[in-house]
Amino acid sequence: TYKRIASVTNDAEREEVEKELRDRFGAPPPAVDHLLDYAVLKALCERLLVASLERKGETVAVKFHEQTPVQPAQLVRVVRGSRGMRLDPSGVLWIPAGRAERPGDGGVTQAVRNVLLQLQT
């Protein structure tokens with residue numbers, strides 16, 4: 001089951017795996033939902049060549065690999081269009097992510113995912 005979850009790369013695959021788990025074991029607990037969300041986030045980070053994600057309080061620091069496909073102009077556009085987000089001189093993107101996740105709430109994972117999806121396009 002963990003291998004199947006780890007193979008998830010997008011929302012469609014996430015929903016398919018969740019449906020399989022629900023059919024097999026019943027409604028999954030919040031921890032399984034979070035694990036599925038993290039699998040999708042991990043795949044997105046791999047596509048964008050994110051070198052690291054680090055949570056610091058209510059923000060998340062995103063460091064991109066030097067070969068990232070994210071265009072600097074797109075990064076600047078997303079930062080300018082988002083309240084509280086900043087890009088420091090070293091190239092680290094700081095995303096306001098709010099408080100700790102609550103069961104059933106995408107919280108931090110969803111905040112980071114939304115920004116990375118904007119950068120993907």
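1. Remarks on the environment of V17
So, point 1. Relative to the helices and strands, V17 resides in helix α2 (residues 11-25).
So, point 2. Remark: the alpha-carbon pair of V17 and K63, spanning 46 residues in sequence, is separated by 29 Å.
So, point 3. Aside from chain neighbours lying at most four places away, what touches V17 is R4, I5, V8 and L36.

2. Observations regarding the sheet that holds strand β3 (residues 86-87)
So, point 1. One open sheet accounts for four strands, arranged β1-β2-β4-β3; its pairing is antiparallel. The open sheet terminates on both sides in strands that have one partner only, identified here as β1 (50-56) and β3.
So, point 2. Note: β3 against strand β4 (residues 93-96), two bridges, orientation antiparallel. Bridge pairing links L87 to L93 in β4.

3. Quick notes on the confidence of the model for the protein
So, point 1. Overall, the prediction assigns the protein a mean pLDDT of 90, with 93% of residues at 70 or greater.
So, point 2. Mean pLDDT in the protein bottoms out at helix α5 (residues 107-120), which sits at 90, and peaks at strand β2 (residues 59-64), which reaches 96.

4. Let's talk about the pattern of salt bridges
So, point 1. Under the definition given, this model contains 10 salt bridges.
So, point 2. Put simply, R4 and E20 hold a salt bridge, and the shortest N to O gap is 3.1 Å. Of this pair, R4 sits in helix α1 (residues 2-6) while E20 is found in helix α2, placing the two residues 16 residues apart along the sequence.
So, point 3. For R4, a relative accessible area of 30% translates into the label partly exposed.
So, point 4. The residue R14 makes a salt bridge to D33 at a minimum N-O spacing of 3.8 Å. With R14 in helix α2 and D33 in helix α3 (residues 30-47), this residue pair connects regions lying 19 residues apart in the sequence.
So, point 5. Three or more residues joined by partner-sharing salt bridges are found here, namely R14, E18, R22, D33 and D37.

5. Considering the packing of helix α4 (residues 72-80) against α5
So, point 1. Running from amino to carboxyl end, α4 crosses α5 at an angle of 140°, the nearest separation of the two axes being 9 Å. Of the possible angle classes, the one that applies to α4 and α5 is oblique. Like other packed secondary-structure pairs, α4 and α5 cross with a definite hand, here right-handed. Every residue of α5 that contacts α4 at Q74, L75 and V78 is listed here: V115, Q118 and L119.
So, point 2. The class makeup of the residues in the contact of α4 with α5 is four nonpolar, two polar and no charged.

Parameters and conventions
- Residues numbered from 1 in each chain as written.
- Predicted model: local features only at pLDDT ≥ 70, side-chain atom pairs only at ≥ 80, totals over all residues.
- Heavy atoms only, no water.
- Helix = DSSP H or I, 4+ residues; strand = E, 2+ residues; numbered from the N terminus.
- Contact = heavy atoms within 4.5 Å.
- Pairing = 2+ DSSP bridges.
- pLDDT = per-residue confidence, 0-100.
- Salt bridge = Lys/Arg side-chain N within 4 Å of Asp/Glu carboxyl O.
- Buried < 20%, exposed > 50% of the residue type's maximum accessible area, 1.4 Å probe, protein only.
- Axes fitted to C-alpha atoms, helices over the stretch in contact; angles between N-to-C directions.
- Parallel < 35°, antiparallel > 145°, perpendicular 65-115°, else oblique.
- Left-handed = near helix turned anticlockwise from the far one by under 90°.
- Nonpolar A, V, L, I, M, F, W, Y, C, P; charged D, E, K, R; others polar.

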